[in-house]
Amino acid sequence: MAPNETTLPTTEDEWRVRLSPAEFRVLRQAGTEAPWSGEYVETKTEGMYTCRACGAELYPSDYKFDSHCGWPSFDDAIPGAVKEIEDRTLGMLRVEIRCARCDSHLGHVFRGEQFTAKNTRHCVNSLSIKLDPKA
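Residues numbered from 1 in each chain as written. Predicted model: local features only at pLDDT ≥ 70, side-chain atom pairs only at ≥ 80, totals over all residues. Heavy atoms only, no water.

A. Just the sheet that holds strand β7 (residues 105-111), in detail. Reading across the sheet, the 6 strands line up as β3-β4-β8-β7-β6-β5 and stay open at both edges, with antiparallel pairing between neighbours. Here the strands that pair on one side only, and so sit at the sheet edges, are β3 (64-65) and β5 (82-87). The pairing of β3 with strand β4 (residues 73-74) spans 2 bridges and is classified as antiparallel. Looking at β4, one finds that K64 is bridged to F74. (Pairing = 2+ DSSP bridges. Helix = DSSP H or I, 4+ residues; strand = E, 2+ residues; numbered from the N terminus.)

Here you go:
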């Protein structure tokens, strides 16, 4: 099944078939890839970042910025593309971000760090996204 099909898997077993083991761990089990290991950490290519699981558009490349945190960072998402969920794992309060279409884990959002004018950093796993380069 291609990621851009309208029919999404309904079970975790179906997701396991669609995704690689590493993608499944991050996207469906809220894992995190090691810092500085992802393919999009330093990418400057223009285009649209989509959800690797379902193909939904999430982040235009001009929303991406260098935060030097080890993961791709965006100062916003396309309106309605991600949903935020309270995350109390690791003994602290964080805000998890998930794809609004397929509920796959993307990363976390942080506010108040003064990196951008929007004062927001979507810290996203490269394994959660795929870049569709501008033609």
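B. Molecular detail of the side chain of S67. For S67, the location among the structural elements is in the loop between β3 and β4. In this view, S67 contacts S73, F115 and R121; residues no more than four positions away in its chain are not counted. (Contact = heavy atoms within 4.5 Å.)

C. View of the nonpolar core. Counting 25 residues, the largest nonpolar core has C51, L58, Y59 and C102 as the members making the most contacts within it. Elements supplying a minimum of two residues to this core: α2 (21-27), β1 (47-51), β2 (57-60), β6 (94-99), β7 and β9 (129-133). In this structure Y59 touches G47, M48, Y49, F74, D76, A77, I78, V82, I97, L106, H122 and V124, once residues within four positions along its chain are discounted. (Core = buried A, V, L, I, M, F, W, Y, C linked by side-chain atoms within 4.5 Å. Buried < 20%, exposed > 50% of the residue type's maximum accessible area, 1.4 Å probe, protein only.)

D. Focus on the pairing of β1. Taken across its 5 residues, β1 has 5 buried, putting it largely inside the fold. Pairing between β1 and β9: 5 bridges, direction antiparallel. Looking at the pairing, G47 lines up with P133 of β9. As judged from the 3 bridges shared by β1 and β2, these two strands associate in the antiparallel manner. Along β2, the bridge assignment pairs T50 with E57. Adjacent in sequence and paired antiparallel, β1 and β2 are bridged by 5 residues, among which G55 carries a positive phi angle near 85°.

E. Region of the structure containing the UniProt feature "domain: MsrB" (unreviewed entry) in the protein chain. In the numbering used here, UniProt assigns the "domain: MsrB" (unreviewed entry) feature to residues 12-134. Each end of residues 12-134 is marked by a C-alpha atom, and these two atoms are 32 Å apart; helix forms 11% of the span and strand 34%. (UniProt positions renumbered as here; feature names shortened; annotations may be inferred.)

F. The arrangement of the pattern of salt bridges in detail. For the structure on display, the rule yields 14 salt bridges. The partner of R28 in a salt bridge is E12, and the shortest N-O contact between them spans 2.9 Å. Taken together, the residues R28 in the loop between α2 and β1 and E12 in helix α1 (residues 12-18) connect sequence positions 16 residues apart. For D103, the salt bridge identified is with R98, shortest N-O distance 3.2 Å. Its relative accessible area of 29% is what places D103 among the partly exposed residues. According to the relative accessible area criterion, R98 is partly exposed, its value standing at 22%. Here the salt bridges do not stand alone but share partners, grouping K83, E96, R98 and D103 into one network. (Salt bridge = Lys/Arg side-chain N within 4 Å of Asp/Glu carboxyl O.)

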